[in-house]
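Chain and residue survey
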Amino acid sequence: MAGSRNICLPEKDESGIPLNRLWTADYTRFLILNFLIGCTNFIQVATLPEYILGLGGSKASVGVSMGFFSFSALATRPVAGILLDRIGRMKVLIMGSFLLFLSLLLFLTANSLEQVYLLRAVNGVAFSLVSTAIITLIVDITHESRLKAGIGYYAVFGTLASAVGPALGMGILQFGTYTHLFLGNIIMGSIIVFMGMYIVLKGAVVIRESGDRGTEEAKPLRAGMFAPVILIVFLGFSLGLILTYVPVLGIERNLTNISLFFSFYALSIVSVRVFGSNFLDRLKPFRLYATAVVFQCSAFMILAYSHSIFPVLASAVLYGSAFAMVQPLLNFMQIKALPSHRKGLAGAVYFLALDTGFASGSMGFGLLLERTSFLHVFTACSVIVFSSIFLFTLITSKLED
């Protein structure tokens, strides 16, 4: 990998530090970068619905805007996976960082729905490049014995962004205008570019897995290796509904402090991963997945009947806990399903599936919401997500073939 230092396993590096240590300087930098990138996205997720409605858009327009972001990210994932394994992680990281900064800068000129849709599409391409590069780099620099934990904390920092981003965006709008909001995002985008350039110039310590690489490369890709994709789509489906339409639910039901949902959602994820990771790692995968699905469905039904902030916050805790349980499990399953030299592909496939579900959920439920109500939408999502339990055993058996 260009710009990286390759280390063949011994158990310690030249400084005597164990290679299976998780919290290295490189790992921390990637988590911070992931957090900042997530903040730029979630600031827009929480604030653009009102901006779009102010431009004359409808609830469906909000879903279309999110769909442009998700489908452009989705279309870019396969390309990102190929580029990561061919031209190197660092080049993809820099390309995505500059494109993200440019898209954030141009929001200052967006004064029509068409311009918002276009910039959200560019956002999606940039986000796809940088997010796929970061998760692949995290897998590269993390010892296999700490990989589940590494992925889990990666999710925690992304989730912190989902809490800080909306709160920051709505806080800016409370005392300023959308111009101030866009300027804040531009500043954050410039920090991302400078951090990316520093990481490239410094290089990252890459841990090469032991084993016969030639044997790994000779393994053909089989359909069963991509089986976790189905379950990841279900997760993205529910996530698209939650992140896109909880702000709209707040507007419709006059819940002025709806941004607290994202804070409680993030706090629950952080709490589960930090304090419960050892317990969760001991659970059998089916029990873990089924518990997460039950938590998700409970959150949906509580939201369906919520007309005050307290049940909304309870649903945030349930959904956040479910996400903390299932996201590292599914990501780890997809990484381990593919040969070790296809890490870029594994990251791209994971996000491709998540984007597919997210885009389908945000756009599909937006169209359904135009014709029905939140009660019907959340009920429908509960039924769909619950049905994924019956697929889990079949999919895990395919991975063992």
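One structure accompanies this document, and this report is about it. (Residues numbered from 1 in each chain as written. Predicted model: local features only at pLDDT ≥ 70, side-chain atom pairs only at ≥ 80, totals over all residues. Heavy atoms only, no water.)

Thoughts on the side chain of N41
- Mapped onto the elements, N41 comes out in helix α1 (residues 25–54).
- On the basis of relative accessibility, which here comes to 9%, the residue N41 falls in the buried class.
- Not counting the four nearest positions on each side in its chain, N41 is found in contact with F69, R120 and F127. (Helix = DSSP H or I, 4+ residues; strand = E, 2+ residues; numbered from the N terminus. Buried < 20%, exposed > 50% of the residue type's maximum accessible area, 1.4 Å probe, protein only. Contact = heavy atoms within 4.5 Å.)

Quick look at unusual backbone geometry
- The backbone of N254 shows a phi angle near 60°, a positive value even though the residue is not glycine.
- Locating N254 in the fold gives a position in the loop between α8 (228–252) and α9 (260–282).

Brief notes about the nonpolar core
- With 113 residues, the main nonpolar core has L243, F261 and Y265 as its most contacted residues.
- Ranked by the residues each element gives to this core, the list is headed by helix α4 (residues 113–141), at 14 residues.
- The contact partners of F261, leaving out residues within four places of it in the chain, are I242, V246, L303, V312, L313, S315 and A316.
- V139, I151, L338 and A346 belong to the second-largest nonpolar core, a separate cluster that totals 8 residues. (Core = buried A, V, L, I, M, F, W, Y, C linked by side-chain atoms within 4.5 Å.)

Points about the packing of aromatic side chains
- Scanning all chains against the criterion turns up 19 aromatic pairs.
- Between F69 and F127 the ring centres are 5.6 Å apart and the planes differ by 50°, which places this aromatic pair in the tilted class. Of this pair, F69 sits in helix α2 (residues 59–86) while F127 sits in helix α4, and the two are 58 residues apart along the sequence.
- What makes F69 buried here is its relative accessible area of 7%.
- Plain terms: the ring middles of F237 and F365 are 4.9 Å apart, the flat faces sit at 55° to each other, and that makes the pair tilted. Taken as a pair, F237 in helix α8 and F365 in helix α12 (residues 343–371) lie far apart in primary sequence, 128 residues in all.
- Through a chain of ring-to-ring contacts, three or more aromatic side chains come together here, namely F261, F262, Y265, F300, Y319, F323, F374 and F378. (Phe/Tyr/Trp six-rings, centres within 6.5 Å; stacked < 30°, edge-to-face > 60°.)

A word on the environment of Y245
- With respect to the secondary-structure elements, Y245 resides in helix α8.
- Judged by its relative accessible area of 1%, Y245 is buried.
- When the C-alpha positions of Y245 and S362 are compared, they lie 7.8 Å apart, and in sequence the two are 117 residues distant.
- Apart from residues lying up to four places away in sequence, Y245 is in contact with K59, G63, G240, G361, S362, F365, G366, L369 and F374.
- A distance of 2.5 Å separates the side chain of Y245 from the backbone oxygen of S362, its partner in a polar contact. (Polar contact = N/O pair within 3.5 Å; in protein donor to acceptor, adjacent residues only side chain to side chain.)

Notes on a nonpolar patch on the surface
- A cluster of nonpolar side chains, namely L102, L105, L106, L108 and L183, defines an oily patch on the protein surface of about 380 Å² accessible area.
- Broken down by element, the residue count for the nonpolar patch peaks at 3 residues, all from helix α3 (residues 89–106).
- With respect to the element layout, L183 can be found in helix α6 (residues 178–202).
- On the basis of relative accessibility, which here comes to 40%, the residue L183 falls in the partly exposed class. (Patch = residues over 30% accessible without salt bridge, like charges linked within 9 Å, V, L, I, M, F, W, Y side chains within 5 Å. Areas by Shrake-Rupley, 256 points an atom, 1.4 Å probe, with all protein chains shown as cover. Salt bridge = Lys/Arg side-chain N within 4 Å of Asp/Glu carboxyl O.)

Section: the packing of α2 against α8
- Interaxial distance between α2 and α8 falls to 10 Å at its minimum, and their mutual angle equals 160°. The angle between the axes of α2 and α8 places the two elements in the roughly antiparallel class. Crossing angle aside, the handedness with which α2 passes α8 is right-handed. Every residue of α8 that contacts α2 at K59, V62, G63 and M66 is listed here: T244, Y245, V248 and E252.
- Each residue belonging to the contact of α2 with α8 can be placed in one class, and the counts come to 4 nonpolar, 2 polar and 2 charged. (Axes fitted to C-alpha atoms, helices over the stretch in contact; angles between N-to-C directions. Parallel < 35°, antiparallel > 145°, perpendicular 65-115°, else oblique. Left-handed = near helix turned anticlockwise from the far one by under 90°. Nonpolar A, V, L, I, M, F, W, Y, C, P; charged D, E, K, R; others polar.)

Quick word on α6
- A rise of 1.5 Å per residue sets the reference length of α6, with its 25 residues, at 36 Å; its end C-alpha atoms lie 36 Å apart and thus fit the reference within 8%.
- Among all positions in α6, only Y178, L181, F182, N185, I186, M188, G189, I192, V193, M195, G196 and I199 are buried.
- At its buried positions, α6 is contacted by α1, α3 and α5 (147–175).
- One or two residues past the end of α6 sits G203, with phi positive at roughly 85°. (Expected span 1.5 Å × (residues − 1).)

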